[in-house]
Amino acid sequence: EVGAESQNLDFGNMLAGTAKSIDDADGAITLVNGEGVTGGEQRGYISIETADGSSVDLSLIVPSNLQDGSNTLTADFEVGLGPSLTGRVTDTKPTGTQTVDIYSGGAGSDFSLTDGVWSLDSPIIMPASGTLYLVLGGEVSADENQPVGNYLGDVTLTATITD
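Residues numbered from 1 in each chain as written. Predicted model: local features only at pLDDT ≥ 70, side-chain atom pairs only at ≥ 80, totals over all residues. Heavy atoms only, no water.

A. Molecular detail of the overall build of the protein chain. Looking only at helices and strands, the protein chain has zero helices and 14 strands in total. Shown N-terminal to C-terminal, the secondary structure of the protein chain runs as helices and strands in the order β-β-β-β-β-β-β-β-β-β-β-β-β-β. Whereas a compact globule of 163 residues would reach a radius of gyration of roughly 15 Å, the protein chain reaches 16 Å, a difference of no more than 12%. Expressed along its principal axes, the backbone C-alpha trace of the protein chain runs to roughly 50 × 30 × 25 Å. Here the protein chain holds 163 residues, and 39% of them are scored as buried. (Helix = DSSP H or I, 4+ residues; strand = E, 2+ residues; numbered from the N terminus. Rg over C-alpha atoms; globule rule 2.2 N^0.38 Å. Buried < 20%, exposed > 50% of the residue type's maximum accessible area, 1.4 Å probe, protein only.)

This is the structure in structure tokens:
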């Protein structure tokens, strides 16, 4: 089961000419170059639940743009480049600013990006609890003429049991 528990990744309001990042490990907010506004940001997560010992592949379809009404913020999320989306698989539910470690039963955070789809480099072996969390953070930036707004987009997670 995917997403029985989840929290939206939220970069909050973006001001023109600024960039902001959210750390997937602890949810820390950074204003790139110290400019912009904060308030209401949060890292996102999606739960993944299946039988203990199952081997699971994960893939994500990420948006190339975020929308606020008719306004568009180019997101073009890449793995590890700004603007970027970062992710880690953990067996600890991410709450508040609690640091979550990468789960040791598989790739954990080794993703590849091909044609807008993120995929784990190798399957994850589910823990005895039967629950893991894919935690998301990243960075977005607004160009000099970007209207202020709360921009939204969908990330689609697919979990495939491989055994």
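B. Quick look at the side chain of Ser 47. Residue placement: Ser 47 occurs in strand 4 (residues 44-49). A residue is classified by how much of its surface remains accessible, and Ser 47, at 0% relative accessible area, is buried. Here the side chain of Ser 47 touches Ala 4 through a polar contact of 3.2 Å, landing on its backbone nitrogen. Apart from the residues within four sequence positions on either side, Ser 47 is in contact with Glu 1, Val 2, Gly 3, Ala 4, Glu 5, Leu 132 and Tyr 133. (Polar contact = N/O pair within 3.5 Å; in protein donor to acceptor, adjacent residues only side chain to side chain. Contact = heavy atoms within 4.5 Å.)

C. Looking closely at the nonpolar core. Ranked by size, the top nonpolar core spans 18 residues in total, and within it Leu 58, Leu 60, Val 89, Ile 124, Leu 134 and Leu 157 carry the most contacts. Listed by contribution, the elements that provide at least two residues to this core are strand 4, strand 5 (55-61), strand 9 (84-90), strand 11 (117-120) and strand 13 (131-141). One finds Phe 11, Ile 22, Leu 66 and Ala 142 within the second-largest nonpolar core, a separate group that totals nine residues. (Core = buried A, V, L, I, M, F, W, Y, C linked by side-chain atoms within 4.5 Å.)

D. Highlighting the pairing of strand 7 (residues 71-74). Here four bridges tie strand 6 (residues 65-68) to strand 7, and the two strands are oriented antiparallel to one another. Across the sheet, residue Asp 68 finds its bridge partner in strand 7, namely Asn 71. Connecting the antiparallel pair strand 6 and strand 7 is a turn made up of two residues, with Gly 69 showing a positive phi of about 65 degrees. (Pairing = 2+ DSSP bridges.)

E. Quick look at the pairing of strand 3 (residues 29-32). Sheet topology places strand 2 (residues 19-22) next to strand 3; four bridges connect them, and they run antiparallel. Its bridge partner lying in strand 3, Lys 20 is registered against Leu 31. Linking two consecutive strands that pair antiparallel, namely strand 2 and strand 3, is a turn of six residues; a positive phi of about 75 degrees is found at Gly 27 within it.

F. Fine view of the confidence of the model for the protein chain. On average, the protein chain scores 85 in pLDDT, and the residues at 70 or more come to 93%. Confidence, read as mean pLDDT per element, is least for strand 8 (residues 78-79) in the protein chain (58) and greatest for strand 4 (93). (pLDDT = per-residue confidence, 0-100.)

G. Focus on the environment of Ser 64. Residue placement: Ser 64 occurs in the loop between strand 5 and strand 6. A relative accessible area of 45% places Ser 64 in the partly exposed class. Along the sequence, Ser 64 and Asp 154 sit 90 residues apart, while their C-alpha atoms lie 9.9 Å from each other.

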